[in-house]
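Structural characterization, general
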Amino acid sequence: MPGAETAVATAVILQRDALDGLIEALKAKGYRVVGPRVADDAVIYDDLDGADDLPRGWGDEQKGGHYRLRKRPDGALFGYTTAPQGWKRFLYPPKQKLFAARRTASGFAVDPPAPEPQPLAIIGARACELAAMRVQKRVFGDKDYPDPGYQKRLADAFVVAVECTEAGDTCFCASMGTGPAVEAGFDIKMVELVDKSRHVFVAEAGSAKGTKLLKELGGDKAKDADREAATTRVAKAAKSMGRAMDTATAKRLKELPEHPRWEQVAARCLTCGNCTMVCPTCFCTTVEDVTDLKGDNAERWRKWDSCFTVDFSYIHGGSIRTETAARYRQWITHKLSTWHDQFGSSGCVGCGRCITWCPVGIDITEEVAAIHQAEKPAAKGRK
Amino acid sequence: MTSMPKDPMLPVPFRIERVQRELSDTFTMEMVAKDGGTFSFKAGQFNMLYVFGVGEVPISISGDPADRSKVVHTTRAVGAVTKALDALKAGDEIGVRGPFGTDWPVEAAYGHDLVFVAGGVGLAPLRPAIYQAMANREKFGRVVVLYGARTPEDILFKKELERWRGRFDMDVGVTVDRATGKWSGNVGVVTKLVARGGFDPLHTTAFVCGPEVMMRYVAAELEKKGVARSSVWVSMERNMKCGCGLCGHCQWGPHFVCKDGPVFRYDRIADMFSIREL
């Protein structure tokens, strides 16, 4: 991830073939290259061998509780909106070893985890996903207790962003102010232009590393018309978002803990936790202690957790949040409202994953809108 | 990147020096850093204690903050890890991460009457503040300790309470929910002792620690006596996996109980106190 430097952007035109060169070059520099590819009837982010792995000609159809791949008429490589799982899976893996401990003569010794073998090169990050990285950077960047693993993985990553030229039905980044245009947090950003006559990428560098790599790839200087075409396409995507968030009401959710809407959404919510697993900013984890059979070697693992489980809030005597309404309220209130108090921004970046991947199609934007509609003074002191 | 910050998730090995049984299910452990280092903390803070191969629990520190040679914890064995802690003995090793969290603002209470209200094992997180107050006794008006336990057999730090009660510069009240055996002291909730007063409400700072429902009633009673909400402090308990704001488990409204608490000023959380399942 690049620093604060603002390279004066000189856009270049990269041909489709240059993407092979890009991936090759990143591999040669020692990066683990991850990006979108098709597997299990979805676009997923995974290791890439080359540009042929990219989801050429695939788009997606996303609605509340609905995701389908669909064939595109063109050969676009980045013609989908977002993958089910964001980059969190790489930057803050679902399972991380915190330490290993060995029994010794006097007690035990603690060994820190091995450092990451390779820095990441992220291909195809969307604006909402870069926003999510910025959010998590703050979450894991407490002045006293930062998470060194996250900070290092993000700092060492090479980020190739691809701006959206189409918006999905569950997208609402425009209303969150996080996209679809990419403004910061990338080494290279690209807009894919594909039509009958050509298939090219308008690419700009956002860091010294990015500038250097773009130079290596060659490419002609982009014409004004190319740049304009790119800007127009991204602006069009901004206007075609399927959803919008009422951010003012969203921010006020913490003032409405007794709103009747919580019970209504609880009647539909299955507390499966899908929304928290696909959310690119949800950061909660639990820990698991394991030992070998003799009990001489122990390990402590950190695993993604969800505030939708009953166990999540367990303290001696019972869980704090036993009711579905309380758990949904916790999730959405934290995400949209108290996140501002804690980290100075919303925890939502408008990617729409929680809507798409909710098995019953609960829609975070719709819930906020409903609360706005039905807003009544909070009934205090319910026991 | 340049040098990376220290990983807050790595436990530091400590050796248990002494184990003292307090109650049938409650014990106090004194431990020292295996590398011989000192341990500094502020009254009210907690550590994450790791039992090799079993797991980790957040436990308040119950020792004297002026004594940096050791760290002292008083624990009730109620879960898998605390029961495993209970099985350890002097010479065994334990992992420590911490200290974490906010503290009882003892120094900010200089000039005030100081009222400690504790319920059950809640006396343990208050004890460091009581030590600190008594080490600076001349800085305060009255020092009042009000303590409630379930039965006479459940009175924590009984000898120490008796010793404090014998002092001319401390007022100590003890009550039990249910009298057993030859108990002829107070019976009833600790709130009743608060109602009796014995402190100047306008110049009182109160530190309250116990079950949430007890703290709620005590805070209300203190308010009724005329103590400002902003002079009352409570210590909260929530599920914690990391102790330092990374795991998300202890969220309570806008707060992380582990780093914004566990000690909160009552006026800042009073509205949240009465919201069910928040």
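Sequence positions are assigned chain by chain, starting from 1 and proceeding in written order. Here chains are named by letter from A upward and ligands by number from 1 upward, in the order in which they appear as written. In view of the model being predicted, local features appear only for residues whose pLDDT reaches at least 70, and side-chain atom pairs are presented and counted only at 80 or more, with totals across whole chains, interfaces and linings using the full set of residues.

**As for the overall build of chain B**
Heads up, the condition is: Going along the chain from the N terminus, every DSSP run of H or I of four or more residues is numbered as a helix, and every run of E of two or more is numbered as a strand. Only C-alpha atoms enter the radius of gyration; for comparison, a globular chain is expected to reach 2.2 Å times N to the power 0.38, where N is the number of residues. Working definition of burial: number of other C-beta atoms within 10 Å of the residue's own, with buried at 20 or more, exposed at 12 or fewer, and partly exposed in between, all C-beta atoms being placed from the backbone. Residue pairs are scored as contacts if the distance between their C-beta atoms, which are placed from the backbone, is within 7 Å.
In terms of regular secondary structure, chain B is built from six helices and 15 strands. Over its C-alpha trace chain B gives a radius of gyration of 19 Å, about what one expects of a compact globule, namely 19 Å for 278 residues. Viewed in the frame of its principal axes, chain B has a C-alpha envelope of about 55 × 45 × 40 Å. For chain B, buried positions account for 51% of its 278 residues. For chain B, contacts bridging at least 24 residues in sequence account for 70% of all contacts bridging at least 6.

**A short note on the domain arrangement of chain A**
The extent of an interface is frequently quoted as the accessible surface area lost upon association of the parts. Residues and elements named next belong to chain A. Put simply, the rule reads: What fixes the domain bounds is an automatic or database domain assignment. Polar here means any residue other than Ala, Val, Leu, Ile, Met, Phe, Trp, Tyr, Cys and Pro, which are nonpolar, and Asp, Glu, Lys and Arg, which are charged; Gly is therefore polar.
Split into domains, chain A comes out as domain 1 (12-94 + 113-239) and domain 2 (247-284 + 306-373). Across the boundary between the two partners, domain 1 contributes 28 residues, which contact 25 residues of domain 2. Looking at which element gives the most residues to the side of domain 1 that touches domain 2, the answer is helix α3 (residues 127-139), with eight residues. Of the residues that constitute the side of domain 1 that touches domain 2, the class distribution is twelve nonpolar, 13 polar and three charged.

**Digging into the interface of chain B and chain A**
Contact with chain B, which involves 37 residues of that partner, is made by 45 residues of chain A. Secondary-structure elements contributing two or more residues to the side of chain B that touches chain A are β4 (55-60) and β6 (93-100) of chain B. Among the residues forming the side of chain B that touches chain A, the class breakdown is 17 nonpolar, eleven polar and nine charged.

**Here's the deal with helix α1 (residues 18-28) of chain A**
Residues three or four positions apart in an α-helix share a direction because the helix packs 3.6 residues into each turn. Residue and element names in this part refer to chain A. Note the threshold: Throughout, the arc means the angular range of directions from the helix axis out to the C-beta atoms.
Of the residues making up α1, those classed as buried are Ala18, Leu19, Leu22, Ile23 and Leu26. The arc that holds the buried residues of α1, viewed along the axis, is 145°, so those residues lie on one side. Residues of α1 that are buried sit in contact with β1 (12-15), β2 (32-39), β8 (120-125), β9 (158-162) and α6 (208-217). Positive backbone phi, at 95°, marks Gly30, one or two positions downstream of α1.

**What to know about the sheet that holds strand β9 (residues 171-176) of chain B**
Residues and elements named next belong to chain B. As a reminder, the rule being used: Strand pairing requires that DSSP identify at least two bridges connecting the strands. Angular values range over 0 to 180 degrees, each being the angle between N-to-C directions of two axes fitted as lines to C-alpha atoms, with helices fitted over their stretch in contact.
An order of β10-β9-β8-β7-β11-β12-β15 is seen for the seven strands of this open sheet, with the pairing classed as mixed. The open sheet is flanked by β10 (186-187) and β15 (263-265), the only strands paired with a single partner. Two elements, β9 and β10, share two bridges in a ladder whose sense is parallel. In the strand pairing of β10, Val176 is matched with Val187. Across the face of the sheet, helix α6 (residues 266-273) comes into contact with β12 (232-235) and β15 while running at roughly 95° to β15.

**Quick word on the sheet that holds strand β1 (residues 12-23) of chain B**
Residue and element names in this part refer to chain B. What the six strands build is an open sheet, ordered β4-β3-β6-β1-β2-β5; its pairing is antiparallel. Edge positions in the sheet fall to β4 and β5 (71-76), since each of these pairs with one other strand and no more. The mean inter-strand angle of the sheet, taken between neighbouring strand axes irrespective of direction, is 40°.

**A short note on the confidence of the model for chain A**
Residues and elements named next belong to chain A. Put simply, the rule reads: Per residue, pLDDT measures the predictor's confidence, with a range of 0 to 100.
Mean pLDDT over chain A stands at 93; residues scoring 70 or higher make up 96%. Of the regions scoring below 50 in pLDDT, residues 4-8 engages in seven contacts with residues more than four places distant in sequence or in other chains. The low-confidence segment residues 378-383, where pLDDT is below 50, has eleven contacts with residues more than four positions distant or belonging to other chains.

**A short note on unusual backbone geometry**
Residue and element names in this part refer to chain A. For the bond running from Gly179 to Pro180, omega is 0°, close enough to zero to count as cis. Here Pro180 is to be found in the loop between α5 (173-176) and β10 (188-194). The phi angle at Asp41 is positive, at roughly 60°, despite the residue not being glycine. According to the C-beta neighbour criterion, Asp41 is exposed, with 9 such atoms within 10 Å.

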